[in-house]
Amino acid sequence: MTLKLQASLRKDLGKKASHVRAAGKIPAVLYGHKIENANLEVDYVAFEKALKAAGESTLVDLAIDGQAPVKTIISDVQVEAGKGRIIHADFHQVNMKEKIHAHIALKFVGESKVVKEDGGMVVHSISELEVKGLPNDLVHEIEVDISVLKAFGDVITIKDLKLPNGLEIVHHESEDIVALAAEPKEEKIEEVAAPAPAEGEAPAEGEGAAPAEGETKE
C-alpha cells in the first residue's frame, strides 16, 4: 500500500515555525541517502490522515510543489507536550532497491480463554518491532493472535510471529516474550490498627479503658 501526500518547499525559512502552524501547516524535513535535505510544509489535516493510515512503516508518495512524487516513509513525528498536537515531521526518501530499518506496530487480535472464561489478563510485553527489509515489503502493522493463550503462563514469543515475506526482525531474540497469559491480580485489604494512646493518656472509651470505681463495664 502506498499513500499520496502533497508538500511545498519552505522558501521563507526566516518565517517562524509557529506562523506555519497557525496557517494549518506542519513544518517538515525531507532527507535521504545522496540527496540534499529539503525544508517543507504539509497540510496538517492531510498529514494527520496519512500518519494514521501509514504509521512509520508504509510508503508515502510525497509530491513537492506538483513535481513527480518521491517514495518516502514518515521517519519521525514531534508532538507538542501535553496537547498531542503534531508540530514537526521528518520524511525519509528511500531507495526501493535498498533495505531499510522501520518500526511496525503490533496489533493484538482474537480472544484468549484465560480472559473470557478464567478472569485473567493478557500482558503485552512488546508493542512494536523494528524490522529490516525492502520498502515494498513493509506493512502498516503485524497481527498477533492471542487466542492461542489458553492457560495461565502461556506465552507468545518472537519466534511465534508470522511476518510478511522479506522482513527480518532486529534487536530481539527468538525467545523474547511478546504477550503473556497472567492470573488476575488479588486485591489486598490492609487492616488499619487503632493508634496507641500517648504516654500517660487513658485509652478512649470502648477501647479497653478500665471502669471507674463504682461503675460497671457494659
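As a reminder, the structure under discussion sits directly above these lines.
First things first, this report covers the structure right here in the doc. The model shown is predicted, which means the values in this text are computed figures rather than measured ones.

Rules of the game
- Residues numbered from 1 in each chain as written.
- Predicted model: local features only at pLDDT ≥ 70, side-chain atom pairs only at ≥ 80, totals over all residues.
- Heavy atoms only, no water.
- Core = buried A, V, L, I, M, F, W, Y, C linked by side-chain atoms within 4.5 Å.
- Buried < 20%, exposed > 50% of the residue type's maximum accessible area, 1.4 Å probe, protein only.
- Helix = DSSP H or I, 4+ residues; strand = E, 2+ residues; numbered from the N terminus.
- Contact = heavy atoms within 4.5 Å.
- Phe/Tyr/Trp six-rings, centres within 6.5 Å; stacked < 30°, edge-to-face > 60°.
- Lys NZ or Arg CZ within 6 Å of the ring centre and 35° of its normal.
- Pairing = 2+ DSSP bridges.
- Axes fitted to C-alpha atoms, helices over the stretch in contact; angles between N-to-C directions.
- Arc of directions from axis to C-beta.
- Polar contact = N/O pair within 3.5 Å; in protein donor to acceptor, adjacent residues only side chain to side chain.

1. So, the nonpolar core
Nonpolar side chains in soluble globular proteins tend to be buried together. Judged by nonpolar contacts, the single largest core of 25 residues is most densely connected at L129, I156 and L161. Sorting the residues of this core by element identifies strand 7 (100-109), strand 9 (128-133), strand 10 (141-145) and strand 13 (177-182) as the ones contributing at least two each. Here this core gets 4 residues from one element, more than from any other, and that element is strand 7. I156 has contacts with V144, D145, I146, V148, L149, L161, D176, I177, V178 and A179, leaving out every residue within four places of it along the chain. In terms of nonpolar packing, the next biggest core, distinct from the first, is built from 21 residues, L30, A54, V60 and F91 among them.

2. Looking at the packing of aromatic side chains
Applying the stated rule across the entire model yields 1 aromatic pair. When the ring centre of Y44 is taken as reference, the NZ or CZ atom of R85 above it lies at 4.2 Å.

3. Examining the sheet that holds strand 5 (residues 70-79)
Overall, mixed pairing links the 6 strands, which are arranged 1-3-2-6-5-4 in a closed barrel. Between one strand axis and the next, the sheet turns through 45° on average, direction left out of account. Bridge count between strand 1 (residues 2-9) and strand 4 (residues 59-64): 6 bridges; the pairing is parallel. From the neighbouring strand, K4 faces strand 4, where its bridge partner is D61.

4. Focus: helix 2 (residues 44-54)
Among the residues making up helix 2, those that are buried are Y44, F47, A50 and A54. Buried residues along helix 2 cover an arc of 130° about the axis, so they all sit on one side. In this structure, helix 2 carries K49 and K52 as exposed residues pointing more than 90 degrees from its buried face. Looking at the buried residues of helix 2, the elements they touch are strand 1, strand 2 (25-32), strand 3 (38-43), strand 4, strand 5 and strand 6 (86-93). You can read the cap of helix 2 off the contacts: a side-chain oxygen lies 3.2 Å from the backbone nitrogen of V45, and it is on D43. Immediately beyond the C-terminal end of helix 2, within one or two residues, lies G55, with a positive phi of roughly 65°.

Remember, this is a structural readout, not a statement about activity or role.
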